[in-house]
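Descriptive analysis of the structure
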Amino acid sequence: MKVYADNAATTMMSKTAKEAMMPYFDVVYGNPSSLYSFGQDAKTALEDARAKVAKALNADPKEIYFTSGGSEADNQAILSSAIIGARKGKKHIISTKFEHHAVLHTLNKLEKQGYEITLLDVHESGIVTADEVAAAIREDTCLVTVMFANNEIGTIQPIKEIGAVCREKGVLFHTDAVQAVAHVPVDVKDMNIDMLSLSGHKFHGPKGVGALYVKKGILISNLIEGGAQERGKRAGTENVPAIVGMAAALEESVLHMDENIAKITAMREQLIEGLSKIPHGKLNGDRNVRVPGTVNFCFEGIEGESLLLLLDDAGIAASSGSACTSGSLDPSHVLLAIGLPHEVAHGSLRLSICEYNTPEEIAHIIENVPKVVEYLRSMSPVWEDLKKGVKEYVIQ
């Protein structure tokens, strides 16, 4: 049996998305900036897609800017906010220690330019509170950026409450919602969100396309200079097929969200129950306040890369963390942020499932993960020391 359980890294494109895209490769293939009918037909498709994305977020179509993905959207939102803040003499930004690197690396860049960055703790639960955000806001704070759902452990942050604090204090609020949009309800108005990033390939759309929501009245700055596309804020001929495919996938996911949440959550609970039986293993992050499909475990005495390779031999595609950091020998910054020591964080396993998975596939995972963990522990000198009492178990 082959099981794909790395949907937080990327998803299979849906039939709906593929079918929506096809006419824009060889029939309606004009440049949407052109005035003749070939171009204007493409322009109509582009604006229809913009309206679909806006509807999914409860936004206005004019508040949606298409990008190459979540990383570009994160960069544009944060750098724009920094420029807005600097004009007012405000150069303090608040975020968390377990953000995606698209956020953290952008903040590092700004820190070198004289901005002061405060990274809040997320605790063992993987959640930051609105009170902690409120306590960190200063007179010179120009932006709070907190991810909606964590890409490695799946925990959901109190976005509405954090947004309310920022709105009250007059501070811009951005959320990286790449792992949340299409998986849980997102309403930018109700949740007091000023800017939001999303990426099409996380919900069965194509890769290389995303969007940035920007609340009316916020003047964002350009990352890419050139033409007047995206109302002058993102130069370059729009990737109409990909944008249409992303919008179709998002529309379909939102339409079936309730049933998908119920189905995926049931499989997630099956997975957690099964893997929790492995001795000296630990579910990372809050048990319940998480997206439906993401589960992250640590197993003491093993190393994550070996675990992934042996699971692949068993037909299971999984991850030891974010896809963007695969290949790194360093433990996940997310797991370190929630308080795990290096030696335990190295033994992590992220399983992320979707509505295309089946209970039979979950059973296959539950059958094989304990076998692989036991095999790796049988060869591990660290595990031997733990069994002999030379070292103490971290995970009881």
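As a starting point, this report considers the structure included with it. Not measured: the values here are computed from a predicted model.

Another point: the nonpolar core. Counting 63 residues, the largest nonpolar core has V53, L57, V144, V181 and L196 as the members making the most contacts within it. Core analysis: the next-biggest nonpolar cluster, separate from the first, contains 27 residues, L311, L351, I362 and V369 among them.

This next bit is on the pairing of strand 2 (residues 64-67). Within a regular beta strand, the side chains point alternately toward one face of the sheet and then the other, so they alternate between its two faces. Alternating residues of strand 2 divide into I64 and F66 and Y65 and T67, and every residue in both groups is buried. Across four bridges, strand 2 lies against strand 8 (residues 210-214) in antiparallel orientation. Bridge pairing in strand 8 links I64 to Y213.

Glancing now at the side chain of N357. Note on placement: N357 falls in the loop between strand 12 (348-352) and helix 13 (359-378). Residue class for N357 comes out buried when judged on its relative accessible area of 4%. At 3.1 Å, the side chain of N357 forms a polar contact with the backbone oxygen of Y4. Side chain to side chain, N357 and E361 meet in a polar contact 2.8 Å long. Setting aside its immediate chain neighbours within four residues, N357 contacts V3, Y4, N7, K263 and M267.

Scanning the model with the defined rule gives one cavity of 30 Å³ or more in all. As a volume, the largest cavity reaches approximately 250 Å³. Looking at the largest cavity, it is lined by 22 residues, and the ones nearest its centre are H183, I264, G293, I353 and C354. Examining the composition of the lining of the largest cavity, we find that three residues originate from one element, helix 9 (residues 257-275), more than from any other. Each residue belonging to the lining of the largest cavity can be placed in one class, and the counts come to 10 nonpolar, 10 polar and two charged.

About the criteria used
- Residues numbered from 1 in each chain as written.
- Predicted model: local features only at pLDDT ≥ 70, side-chain atom pairs only at ≥ 80, totals over all residues.
- Heavy atoms only, no water.
- Core = buried A, V, L, I, M, F, W, Y, C linked by side-chain atoms within 4.5 Å.
- Buried < 20%, exposed > 50% of the residue type's maximum accessible area, 1.4 Å probe, protein only.
- Helix = DSSP H or I, 4+ residues; strand = E, 2+ residues; numbered from the N terminus.
- Pairing = 2+ DSSP bridges.
- Polar contact = N/O pair within 3.5 Å; in protein donor to acceptor, adjacent residues only side chain to side chain.
- Contact = heavy atoms within 4.5 Å.
- 1 Å grid on protein atoms, 1.4 Å probe; cavity = no way out; pocket = protein on both sides within 12 Å on 5 of 7 lines; lining within 4 Å.
- Points joined across faces, edges and corners; volume = space filled by probe spheres on them.
- Nonpolar A, V, L, I, M, F, W, Y, C, P; charged D, E, K, R; others polar.

The values are spatial; any link to function lies outside them.
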